[in-house]
Amino acid sequence: MNYKICYEEIPLKVYTDGNKIYKIEFLKTCKENNIDFLAEFLKLLKEGRSVFFIDFEKIDPSIRLILETVYKIPYGTVTTYGEISKKVFNTNDYARFVGSALSKNPIPVLIPCHRVIDRNLRLHGFSGGLTLKEKLLKAEGIEIKNGKVDKRFLINL
DNA sequence: CGCCTGGCCACAT
DNA sequence: GATGTGGCCAGGC
């Protein structure tokens, strides 16, 4: 089953199998908006629980642990590629690999790869484009000026 | 194999 | 800060 929603004016198509969410795509326009599903989507995004949940099973095992770790970053906060690397591999040497793993994220927004930034607090990259990354962060109340995230939103894992 | 690339990082200037 | 350099890693060719 698919649901089209407009999250903060960002049009999304969410793919589900029963209560499992396994894929999300960015759309061009917000023509449709499934209000009931949007409510559940917001609950999952902000509170981490809903009748729906994230399906990690089909995600490539080599990047699954990284995405599961990213999933734990709370709403309204950010962390760095190096911090994810340190958490998963006990060293920041995997920072680049973390970046490439995030570019393969099948469930953007809900697996919040937009909350991962570089060590200088710059957004650095996003498969959907940096503008969209900034939009997603601001929607969560995160302040950005001159391309840099205010450091009080930064957390360690 | 070697070589390049990518959503990085640390260090030096 | 703004650059430059070197080092890390897995994946693709």
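Residues numbered from 1 in each chain as written. Chains lettered and ligands numbered in written order. Predicted model: local features only at pLDDT ≥ 70, side-chain atom pairs only at ≥ 80, totals over all residues. Heavy atoms only, no water.

**Student:** Got a minute to help me understand the state of the cysteines in this structure?
**Tutor:** Covalently bonding the sulfur atom of one cysteine to the sulfur atom of another cysteine gives a disulfide. Throughout the structure, instances matching the rule amount to one disulfide. Disulfide pairing places C6 opposite C30 at an S-S distance of 2.2 Å. Here the residue C6 occupies a position in strand β1 (residues 2-7), and C30 occupies one in the loop between β3 (20-26) and α1 (35-47), the gap between them amounting to 24 residues. Looking at C30, the relative accessible area reads 35%, which means it is partly exposed. Free of any disulfide, C113 has its nearest neighbouring cysteine sulfur in C30, separated by 19 Å. (Disulfide = S-S within 2.5 Å. Helix = DSSP H or I, 4+ residues; strand = E, 2+ residues; numbered from the N terminus. Buried < 20%, exposed > 50% of the residue type's maximum accessible area, 1.4 Å probe, protein only.)

**Student:** Looking at this structure, how should I read the packing of helix α2 (residues 61-71) against helix α3 (residues 81-89)?
**Tutor:** Between two packed helices, what matters for the description is the angle formed by their axes and the separation of those axes. Contact geometry of α2 with α3 gives a least axis separation of 10 Å together with a crossing angle of 120°. Relative to α3, α2 is oriented so that their crossing is right-handed. Seen from α2, the contacting residues are L65, I66, T69 and V70; seen from α3, they are I84, K87, V88 and F89. Residues belonging to the contact of α2 with α3 are distributed by class as follows: six nonpolar, one polar and one charged. (Axes fitted to C-alpha atoms, helices over the stretch in contact; angles between N-to-C directions. Left-handed = near helix turned anticlockwise from the far one by under 90°. Contact = heavy atoms within 4.5 Å. Nonpolar A, V, L, I, M, F, W, Y, C, P; charged D, E, K, R; others polar.)

**Student:** How should the domain arrangement of chain A be read in this particular structure?
**Tutor:** Accessible area lost on assembly of the parts is the figure often given for the size of an interface. For chain A, the domain assignment lists domain 1 (2-54) and domain 2 (59-153). The gap between the C-alpha centroids of domain 1 and domain 2 is 20 Å. Counting the surface lost from both domain 1 and domain 2, the interface buries some 1400 Å², and carbon and sulfur atoms represent 76% of this. Taken as a group, F26, L45 and I54 account for 39% of the area that domain 1 buries against domain 2, more than any other trio of residues on that side. Along the contact surface separating domain 1 from domain 2 lie zero salt bridges. Between the two partners, domain 1 and domain 2, sit one residue pair in polar contact (both at pLDDT 80 or more). Elements supplying a minimum of two residues to the side of domain 1 that touches domain 2: β2 (10-17), β3 and α1. Ranked by residue count, the leading element in the side of domain 1 that touches domain 2 is β3, at five residues. Split by residue class, the side of domain 1 that touches domain 2 holds 11 nonpolar, one polar and four charged. (Domains from an automatic or database assignment. Buried area = accessible area lost by both parts, 1.4 Å probe. Salt bridge = Lys/Arg side-chain N within 4 Å of Asp/Glu carboxyl O. Polar contact = N/O pair within 3.5 Å; in protein donor to acceptor, adjacent residues only side chain to side chain.)

**Student:** It is not clear to me how the nonpolar core should be interpreted in this structure. Could you clarify?
**Tutor:** If you look at soluble globular proteins, the nonpolar side chains tend to sit buried side by side. One finds Y7, I21, F41, L102 and L110 to be the most contacted residues of the largest nonpolar core, which totals 38 residues. Mapped by element, the contributors of at least two residues to this core are β1, β2, β3, α1, α2, α3, α4 (95-102) and α5 (130-139). Per-domain counts for this core show at least three residues from each of domain 1 (2-54) and domain 2 (59-153). Excluding residues that lie within four positions of it along the chain, I21 makes contacts with V14, Y15, T16, F37, L44, F52, F53, I54, D55, I107 and L110. Ranked by size, the runner-up nonpolar core spans nine residues in total, among them I117, L121, L123 and V149. (Core = buried A, V, L, I, M, F, W, Y, C linked by side-chain atoms within 4.5 Å.)

**Student:** Would you explain the pattern of salt bridges in this entry?
**Tutor:** Pairing of side chains with opposite charge becomes possible as their charged atoms draw close. Scanning the entire structure with this criterion turns up eight salt bridges. K58 is the salt-bridge partner of D55, the closest N and O atoms lying 3.9 Å from each other. By relative accessible area, K58 is classed as exposed at 58%. Among the salt bridges present, the one from R115 reaches E140, with a minimum N-O distance of 2.8 Å. Taken together, the residues R115 in the loop between α4 and β6 (116-117) and E140 in the loop between α5 and β7 (144-145) connect sequence positions 25 residues apart. You'll find R115 and E140 in the same group, each marked buried. Members of the salt-bridge network, linked through shared partners, are E143, D150 and R152.

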